[in-house]
Every structure is written in structure tokens, then in C-alpha cells.
Amino acid sequence: MEREAYFDNAKLLLIFLVVFGHVIQPFTIDSPGVNTLYMWIYTFHMPAFIFLAGFFAKGSGNKEYIVKLAKKLLVPYIIFQLIYTSYYFLIGKSGFQADVFYPHWSLWFLLSLFCWHLLLSIFKRIPAPIGIALSVVIGIVVGYFGEIGHQFSLSRTFVFFPFFLIGYWVTKDHVFWLKRKSVKIISVMTMVVVAVAIYLAPELNTGWLLASKSYGDLGLPEYGGLARFLVYATSSLMAISVLAWIPLKQFQWTKLGQRTLYVYLLHGFIVQYFRKEELFYVNGIFDLLGLAAISVAIVFLLSSKPVQGISQPFIECKASIMRKYVSSVK
């Protein structure tokens, strides 16, 4: 139970950081402190999330598994791509597009997750050190091709795949090795150093962490490969540092870590409305703490049973929660 609690705790923390990062993003331009926090979060939250997705992909590979995965990921992708397109139109969001092959906002993760499983069916046959090294090389090389970008989420698929592959090869014993005191001490130093480095270099382009643009677009057409390698190293160290501090204990809210997909797919409706209406501002630490509290509330709301029951047909293409509720009423 402790080990299961650890992973659910980790997923819950990471999905909170996904929501919080999206909530504070509009305020990064005018506040060096908010920008530092935003960039700091983005150095690790998606790499760590993708690592955990790979860790739970041990059964991946056969055709039946891939077919089930297509229903689980591609069908919700198409549904939410259409829903978000309609929603953006209704709230008057500028620059919205209806192309199904250009994923809206956070929907890229569904496309990439499906592709990572396809890639895994090949890479799992290669010895781990060679396969991981090859995936890193591919992730670096694709940045030199401007044609590989946001469409089909190709750039992010290749760039983030090493984290997924590492997660696949890692065992529970490897993960819990991070709980050693020495690792925790070093992790604190790592997190502080990275935060200071980001603060002292605020002009760092967020595109390096979002992984959806070519090196030419990021202003380093020649040395972009080296920069991406440094990003890989930083993200790996940061992910390790944060995962080292995830509690093993089972809390009342730990089970919400099993519903992160609901939060991931639904929080955009709330956050995009906040942005469009410009409901919030950040003039100090208390405003920032307030936005953190709102982010927590969003996570708890969207992972609640009522919301899960209403949205399950769109996300999981089934209505077991609603049927169970109806049966209990009868």
C-alpha cells in the first residue's frame, strides 16, 4: 500500500503543478519571481509525469494492448479537440483553430502518450542503455528540423520519449532508492541551484522546456543540440530531486492521484476562462498563494466523484459511475 500511495501522491502533486503552472503563466512577463517559479516547475513536472507514465507501461507491446490504448487515448483526444474548439469559439478566444492534427493546449499529451507506446514496442527489444542513449540522440536531432513541430505533437513525442523509456526500464526498487537521506540532501541543493540559475537568466526561452519548437525558432540553429542536452540533464536531476521528497504515506486525498487524467483534460476550460476574463492578478506573495489555493481547489473539484461521473463518458467512453449512481437511487 505504501508503494501505491507513493505513486498516487506523486501524480497528484504533479497534476497540481500542471494546473498551477497554467494558472500563473500569464503573469510571468511582468514578474521575475513568477517567471522563475513557472520555469522552475516546467523543468521537471512533465518529465516526471512522463516518467511515471512509462513506469506503468510494463504491459505495453501486443496488438490487443495497442487497440485498447487507441480507444483510451485517441478517441478522447478527438472528442476533446472538438469540444475545446467549440469552447474557444464561444468564449471568444483569439487564434483558436479547428485542425484536428494540431492539438489544443494540453491535448498533445494524449497523442504523444499513444505514440510513446508505439515506440516502446520497438525500443523495449533494445538493451536499456543503448535504447535510452538512442532516444536521447533522436530527441536532440529532431530539433534541427523545422518541419517537426506542433503538428501531430511530433516534436514533443520525440523530445520527451527518453523520460518515458527510462520509466519503463526502472523498477520500484530503483524508484525507492531515491528515498535515501543522502539523495534528499543533494536534491534540495539541486532544486535551489536551478531556481537561482533561472532567476539570474530570466531571458531563457520557455520553448526549451515545452519542446515543441525547432532550434531555429528558439534562436540557436547551430548549438541547439547542446542546449537540449543540458535541458535533458537539468530536467532529469530536477525530476529525481522532486520524486525523492514524495511521501510514502497514504493520505485521505492520495486516491485522487488515480484521477489525474480528468484534471488534465478538464482544467483547461476553467483556466482559459480565467485568462480570457482576466479575473486574477499577482502583486505579491499573497496573490501567488491565493492562485495556488485556487489551483488546489480546481484539482479537488475536477477529481471529485460528481465531476468524474459526468465526464466519464467523454474521457473513458463508458458510464459505469453514472450507472452505479442510478442503480443506488433505485
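Refer to the preceding data block for the structure.
Residues numbered from 1 in each chain as written. Predicted model: local features only at pLDDT ≥ 70, side-chain atom pairs only at ≥ 80, totals over all residues. Heavy atoms only, no water.

(A) Main features of the layout of surface pockets. Estimated volume of the largest pocket: approximately 780 Å³. Taken together, 24 residues make up the lining of the largest pocket; nearest its centre are Lys 11, Lys 72, Leu 113, Thr 260 and Leu 261. Elements represented by at least two residues in the lining of the largest pocket include exactly helix H3 (45–55), helix H4 (63–90), helix H5 (108–123), helix H12 (260–277) and helix H14 (305–315). The biggest single contributor to the lining of the largest pocket is H4, with five residues. Its residues placed into classes, the lining of the largest pocket shows 13 nonpolar, five polar and six charged. (1 Å grid on protein atoms, 1.4 Å probe; cavity = no way out; pocket = protein on both sides within 12 Å on 5 of 7 lines; lining within 4 Å. Points joined across faces, edges and corners; volume = space filled by probe spheres on them. Helix = DSSP H or I, 4+ residues; strand = E, 2+ residues; numbered from the N terminus. Nonpolar A, V, L, I, M, F, W, Y, C, P; charged D, E, K, R; others polar.)

(B) Here's a closer look at the packing of H4 against H12. At a minimum axis separation of 11 Å, H4 and H12 run at an interaxial angle of 10°. In terms of axis orientation, H4 runs roughly parallel to H12. Residue-level contacts link Phe 80, Ile 83, Tyr 84, Tyr 87 and Tyr 88 of H4 to Leu 265, Leu 266, His 267, Gly 268, Phe 269, Gln 272 and Tyr 273 of H12. Here the contact of H4 with H12 is built from residues that sort into nine nonpolar, three polar and no charged. (Axes fitted to C-alpha atoms, helices over the stretch in contact; angles between N-to-C directions. Parallel < 35°, antiparallel > 145°, perpendicular 65-115°, else oblique. Contact = heavy atoms within 4.5 Å.)

(C) Summary view of the packing of aromatic side chains. Scanning all chains against the criterion turns up 32 aromatic pairs. Centroid distance Phe 7 to Phe 56: 5.3 Å. Interplanar angle 80°. Geometry classified as edge-to-face. One end of the pair, Phe 7, is in helix H1 (residues 2–24); the other, Phe 56, is in the loop between H3 and H4, with 49 residues separating them in the sequence. The partly exposed category is assigned to Phe 56, whose relative accessible area is 45%. Taking 6.5 Å as the distance between ring centres and 45° as the angle between the ring planes, the aromatic pair formed by Tyr 87 and Tyr 88 counts as tilted. Overall, the relative accessible area of 3% leaves Tyr 88 in the buried class. (Phe/Tyr/Trp six-rings, centres within 6.5 Å; stacked < 30°, edge-to-face > 60°. Buried < 20%, exposed > 50% of the residue type's maximum accessible area, 1.4 Å probe, protein only.)

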